[in-house]
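# Per-entry structural report
As a plain string of letters, each chain reads:
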Amino acid sequence: NDLAVVALPLADISNDTISSISIASLGESDDLQIGQSVIAIGNALGYGQSVTTGVISALDREVSIDNNTTKMIQIDAATNGDTIKLTKDINVTSGAYITKNITIDGNGKTINRETWANSLFVTSEEATLTIKNLTIESGSINIPSAITPDYIGGIAGIMTDGEISNCVNKAIINVNASTSFVGGIVAKIITGTSNTSPSFKINNCYNYGDITSSTAVSSGLGGVVGYCDGKVDINNCGNYGDIYDPV
């Protein structure tokens, strides 16, 4: 029931600003998915007026206030080392861009990927991402000829530091555009060739999704990893999907 109202004198607002103001489009809370970006405006937990941006890390989280328990939407906290843990099987229609150190714990739950053209997770250069206990149960990644993504992975697109363990991808990947890197688990890993020991680890991960391409994948294609430019520690991993590349 929170509502924030902002009042400004019209005389203090330029005509250009007034002409660009439009009515905000509000979404449906029932349609929210873990990993989506949101803006929360209101009276958070009764502590006063607030405006918060974040990424949804949990849905239907029970919170007690004044002996009343209600279900709320949880977003990530602005700290390092966050953990997002799935509490139920979900359907996903978009991906998440990770810019800070975080752990994604699938908690034995599954994600069904509805048809879309993106990787589930992509990290910035400064972020360390750990993904564990996650199964992509079904779905597909279809890359139309109208777009040319640089990297497409069944679970992750590009990663620089971290670990993927106990993960399975069963979604198929269909590439109909010029793409540089494609991997059943992760498309591209950038660790730096100067590293003396592996800074990235992949353990107990398996790809069962078929990978097909109507155009040549130019730089790297693999059932588990498409390409890595440094040392990666890979143990007990395998590919059981069919791979077709026209080259």
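Here's a quick rundown of the structure. (Residues numbered from 1 in each chain as written. Predicted model: local features only at pLDDT ≥ 70, side-chain atom pairs only at ≥ 80, totals over all residues. Heavy atoms only, no water.)

## Notes on the overall build of the protein
Helix and strand counts for the protein stand at one helix and 26 strands. Within the span of the protein, comprising 247 residues, buried residues form 38% of the whole. In the protein, the proportion of contacts linking residues at least 24 apart, taken out of those at least 6 apart, comes to 68%. Split by element, the accessible area of the protein, about 13,700 Å² in all, is 47% carbon and sulfur. (Helix = DSSP H or I, 4+ residues; strand = E, 2+ residues; numbered from the N terminus. Buried < 20%, exposed > 50% of the residue type's maximum accessible area, 1.4 Å probe, protein only. Contact = heavy atoms within 4.5 Å. Areas by Shrake-Rupley, 256 points an atom, 1.4 Å probe, with all protein chains shown as cover.)

## Quick notes on the pairing of strand β7 (residues 102-105)
With burial as the criterion, each face of β7 is covered, one bearing I102 and I104 and the other bearing T103 and D105. Note that strand β4 (residues 82-85) and β7 share four bridges and pair parallel. Considered in β7, the bridge of D82 is made with I102. (Pairing = 2+ DSSP bridges.)

## A short note on the sheet that holds β7
Taking strand neighbours across the sheet as the criterion, the six strands line up as β4-β7-β10-β14-β19-β24 in an open arrangement whose pairing is parallel. The open sheet has two free edges, formed respectively by β4 and β24 (232-235), since each of these has just one partner strand. Shown here is a sheet whose adjacent strand axes are inclined to one another by a mean of 10°, direction ignored. Relative to strand β14 (residues 162-165), strand β10 (residues 129-132) is paired through four bridges, and the arrangement is parallel. Of the residues in β14, the one forming a bridge with T130 is E163. (Axes fitted to C-alpha atoms, helices over the stretch in contact; angles between N-to-C directions.)

## Re the pattern of salt bridges
Scanning all chains against the criterion turns up one salt bridge. As a salt-bridge pair, K170 and E137 come within 3.4 Å of each other at their nearest N and O atoms. Of this pair, K170 sits in the loop between β15 (168-169) and β16 (172-175) while E137 sits in strand β11 (residues 135-143); the two residues are 33 residues apart in sequence, bridging distant segments of the chain. (Salt bridge = Lys/Arg side-chain N within 4 Å of Asp/Glu carboxyl O.)

## Re the sheet that holds strand β22 (residues 220-222)
Pairing within the open sheet is parallel, and its three strands lie in the order β12-β17-β22. Edge strands, defined here as strands with exactly one partner in the open sheet, are β12 (151-153) and β22. Mean inter-strand twist for the sheet, computed between neighbouring axes without regard to direction, equals 5°. In this sheet, strand β17 (residues 181-183) lies alongside β12 in parallel orientation, the contact comprising three bridges. What sits directly across from Y151, in β17, is F181.

## Comments concerning the side chain of T110
On the secondary structure map, T110 appears in strand β8 (residues 110-116). Those residues in contact with T110 that sit more than four places away from it in its chain are K88, D89, I90, T135 and E137.

## Considering the environment of I84
In this fold, I84 is placed in strand β4. Residues I84 and I104 lie 20 residues apart in sequence; the distance between their C-alpha atoms is 5.0 Å. Discounting chain neighbours no more than four positions away, the residues touching I84 are I34, S57, I102, T103, I104 and D105.

## Describing the nonpolar core
Counting residues in each nonpolar core, the largest one holds 35 residues, and the members touching the most others are F121, I131, L134 and I164. At the level of secondary structure, the elements contributing two or more residues to this core comprise β2 (49-65), β5 (90-92), β6 (96-98), β7, β10, β13 (156-159), β18 (186-189) and β19 (200-203). Excluding anything up to four places from it in sequence, F121 contacts A96, I98, I104, L129, I131, L134, I155, A156, G157 and I158. I152, I173, V175 and V217 belong to the second largest nonpolar core, which has eight residues in total. (Core = buried A, V, L, I, M, F, W, Y, C linked by side-chain atoms within 4.5 Å.)

## Focus on the state of the cysteines
One pass over the full model with this rule turns up zero disulfides. Summary of cysteine pairing: C167 is not part of a disulfide, and the nearest cysteine sulfur, belonging to C205, is at 4.7 Å. (Disulfide = S-S within 2.5 Å.)

## Section: unusual backbone geometry
Its identity is not glycine, yet N133 carries a phi of approximately 55°, on the positive side. Within the secondary structure, N133 is located in the loop between β10 and β11. The exposure class assigned to N133 is partly exposed, which follows from its relative accessible area of 27%.

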